[in-house]
Amino acid sequence: MCLAIVGKILSINNDDAMVIIMGIKTTVNIILIEDLHIGDEVLIHAGFAIEKISEEKADFIKHQLKALIMDDKDG
Amino acid sequence: MDEKRLINEINQQIKNKVNLMEVCGTHTHEIKRLGLESVLSNNVNLISGPGCPVCVSSCGMIDQAIECLKDKKTIVTFGDMVKVKGTTSSLKEMKIKGYKVIVIYSPLDLFNIIRNNIDEEIIFLGVGFETTAPVIASVIKQMKKSNQKNVSFLLDIKRMKPILIYILSKNHKINGIVAPGHVATITGSEYFRFITEDYHISCAICGFTSLDILSGIYYLSKHKGKLQFINLYSRAVRPNGNPLAKNIINEVFEESDAYWRGIGSIKYSGYRLNSEYKDYDAINKYQLNIVHNEIDNDCCCDKIMLGLKKPTECKYFRIICHPNNPLGPCMVSSEGCCLAYYKYGRKYG
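Residues numbered from 1 in each chain as written. Chains lettered and ligands numbered in written order. Predicted model: local features only at pLDDT ≥ 70, side-chain atom pairs only at ≥ 80, totals over all residues. Heavy atoms only, no water.

A.B. asks: Could you give an account of the overall build of chain A, naming the residues involved and the relevant values?
C.D. replies: In terms of regular secondary structure, chain A is built from 1 helix and 5 strands. Along the chain direction, N to C, the helices and strands of chain A fall in the order β-β-β-β-β-α. Here chain A has a C-alpha radius of gyration of 16 Å; the compact-globule value for 75 residues is 11 Å, and the former is much larger. Judged by the C-alpha coordinates and their principal axes, chain A covers about 55 × 25 × 25 Å. Considering only intrachain contacts with a sequence separation of at least 6, the fraction spanning at least 24 residues in chain A is 32%. On chain A, roughly 4300 Å² of surface is accessible, and the fraction owed to carbon and sulfur atoms is 51%. Looking at charge distribution, chain A has the averaged site of its 7 positive side-chain charges lying 8 Å from that of its 13 negative ones. (Helix = DSSP H or I, 4+ residues; strand = E, 2+ residues; numbered from the N terminus. Rg over C-alpha atoms; globule rule 2.2 N^0.38 Å. Contact = heavy atoms within 4.5 Å. Areas by Shrake-Rupley, 256 points an atom, 1.4 Å probe, with all protein chains shown as cover. Lys, Arg positive; Asp, Glu negative; His and termini not counted. Charge placed at Lys NZ, Arg CZ, Asp CG, Glu CD.)

A.B. asks: Please provide a residue-by-residue account of the pattern of salt bridges, values included.
C.D. replies: Residue and element names in this part refer to chain B. Taken as a whole and judged by the stated rule, the model has 21 salt bridges over all chains. Put simply, K100 and E120 hold a salt bridge, and the shortest N to O gap is 3.1 Å. Taken together, the residues span a long stretch of sequence, with K100 in the loop between α5 (91-96) and β4 (101-104) and E120 in the loop between α6 (110-116) and β5 (122-128) at a distance of 20 residues. Among the residues examined, E120 registers a relative accessible area of 25% and is labelled partly exposed. For D212, the salt bridge identified is with R235, shortest N-O distance 2.7 Å. Of this pair, D212 sits in helix α11 (residues 210-222) while R235 is found in the loop between β9 (229-231) and α12 (243-252), placing the two residues 23 residues apart along the sequence. Take D212 and R235: they sit in the same class, and that class is buried. Three or more residues are tied together by salt bridges with common partners; here these are K32, E37 and K310. (Salt bridge = Lys/Arg side-chain N within 4 Å of Asp/Glu carboxyl O. Buried < 20%, exposed > 50% of the residue type's maximum accessible area, 1.4 Å probe, protein only.)

A.B. asks: How would you sum up the side chain of B:E335? Please name residues and give values.
C.D. replies: Residue and element names in this part refer to chain B. Examined against the element boundaries, E335 turns out to sit in the loop between α15 (329-332) and α16 (337-344). Within the buried set, E335 has no salt-bridge partner at all; the shortest N-O distance to an opposite charge, 10 Å, is to K343. Only 2.9 Å separates the side chain of E335 from the side chain of T26, close enough to count as a polar contact. (Polar contact = N/O pair within 3.5 Å; in protein donor to acceptor, adjacent residues only side chain to side chain.)

A.B. asks: I'd love a proper account of empty space enclosed by the protein, names of residues and values included.
C.D. replies: Residues and elements named next belong to chain B. Going through the model one piece at a time under the given rule, you end up with 3 cavities of 30 Å³ or more. Estimated volume of the largest cavity: approximately 90 Å³. Residue composition of the lining of the largest cavity, by class: 7 nonpolar, 6 polar and 1 charged. Of the domains in this structure, domain 1 (3-52 + 161-231) and domain 3 (301-343) are the two that each give at least three residues to the lining of the largest cavity. (1 Å grid on protein atoms, 1.4 Å probe; cavity = no way out; pocket = protein on both sides within 12 Å on 5 of 7 lines; lining within 4 Å. Points joined across faces, edges and corners; volume = space filled by probe spheres on them. Nonpolar A, V, L, I, M, F, W, Y, C, P; charged D, E, K, R; others polar. Domains from an automatic or database assignment.)

A.B. asks: An account of the domain arrangement of chain B is needed here, citing residue identities and associated values.
C.D. replies: Residues and elements named next belong to chain B. Domain boundaries assigned for chain B yield domain 1 (3-52 + 161-231), domain 2 (59-160 + 241-285) and domain 3 (301-343). Listed as interface residues are 6 residues of domain 2 and, on the opposing side, 8 residues of domain 3. For the pairing of domain 2 and domain 3, the buried interface totals around 600 Å² over both sides, and the portion due to carbon and sulfur atoms is 66%. In terms of surface lost to domain 3, no three residues of domain 2 exceed D80, R261 and I263, which account for 59% of the buried area on that side. Our count for the domain 2 to domain 3 interface comes out at 0 salt bridges. Inspection of the region where domain 2 meets domain 3 yields 2 residue pairs in polar contact (both at pLDDT 80 or more). (Buried area = accessible area lost by both parts, 1.4 Å probe.)

A.B. asks: So what's going on with unusual backbone geometry? Residues and values would help.
C.D. replies: With a phi close to 55°, A:D35 is a non-glycine residue in the positive phi region. With respect to the helices and strands, the residue A:D35 is situated in the loop between β3 (24-29) and β4 (41-45). At B:Q287, a position not held by glycine, the phi torsion is positive, near 50°. With a relative accessible area of 64%, B:Q287 lands in the exposed category.

A.B. asks: Give me the lowdown on the packing of helix α1 (residues 3-13) of chain B against α11(B), citing residues and values where you can.
C.D. replies: Axes are the key here: two packed helices are described by the angle between their axes and the distance separating the axes. All names here are of chain B. Packing of α1 against α11 leaves a shortest axis separation of 10 Å and a crossing angle of 20°. The angle between α1 and α11 falls in the class roughly parallel. For the element pair α1 and α11, the recorded crossing hand is left-handed. Across the interface between the two elements, E3, L6, I7, E9, I10 and Q13 of α1 pack against S210, L211, L214, S215, I217, Y218, S221 and K222 of α11. Taken together, the residues of the contact of α1 with α11 break down into 7 nonpolar, 4 polar and 3 charged. (Axes fitted to C-alpha atoms, helices over the stretch in contact; angles between N-to-C directions. Parallel < 35°, antiparallel > 145°, perpendicular 65-115°, else oblique. Left-handed = near helix turned anticlockwise from the far one by under 90°.)

A.B. asks: I'd like a rundown of the interface of chain B and chain A, residues and numbers included.
C.D. replies: Facing the 48 residues of chain B at the interface are 32 residues of chain A. When chain B packs against chain A, close to 3300 Å² is buried across both sides, 67% of that on carbon and sulfur atoms. Summed over the shared surface of chain B and chain A, the number is 1 salt bridge. B:R238 is the salt-bridge partner of A:E51, the closest N and O atoms lying 3.0 Å from each other.

Dropping the structure here:
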């Protein structure tokens, strides 16, 4: 039920945006997100974009793991 | 860093049993689909909690939806909900008998349905956790704004924090919680901090790829005995969540007691429409009387949902209870724990 998938914004038209999800284009509602731009990636749940994917944090998990494992080896 | 290395790291570092509970149906299914239990050390005990909203939906809601069908109303709902039984029947069985049940993917589809069925009374039977709440709230707000008269909402929306408090306040052996990433997308990671601060259990908010889930398991098993709280899904989860989504939840809903199938009523564990939106509340509009009965059988879905039993410990699992003859909601819902064990794992049973 809480399944959500990632799509990329292709165009914006008021409360809706055209997104591409794994090669398929569809329309999603974007009223739950502020400051959305073409090219942004969003998390989509039940026809609504519910959050913008942070580019900045995209590799957070890999950095975090690297640090944890280094910590293991050192400690 | 790849999955293989992470699995090796987990297996090498874990010397004692660690019990980790996930509370999201999507996590449950990914863990089983990927076969993670078959490649991880036996010391990693993955327990599935009540993370599937369909599984915990009240029989009384489905019974009332069936009564509304008999009263010539149309029920619109999500796909999984049609298969779940009330005390006597399911919406699917009613549809086969000729009653009008419409399955939708998004509550947005309601706009077309009410437009195309202008002379009918439409009731949306909606379930979900905090992830789905703002989506449903947005549609209800729009319905009110456009003054739609032939639609109302029969809602069984649950909140994650009260059920976690319920589980963690009882005797349990949980060492860590893999918190649901998409609930946290809405609520924020801080919503789950009480797990560590109040109940002294480590918690990792996780996404849904194999690397996300394995990272959570690694983090929680590594820190057994050392309290930790981390948001490993920061690419989609901010500390305070999505403000617009939280605002619309607060604008349309208020916290209310909710009934969890097989578990019972839990204080303030759900959302209902607030007084501003009461005209759109099907319970209020049609004076429905929700009676929270339970199905009378020996199904142990209640214990499975609380992580007290695994599906393979149920005497009916695979023998009498299977997808063609589900005895309980955990076998019905596509996110149910029993269905995940059935679909992906003879090796687990």
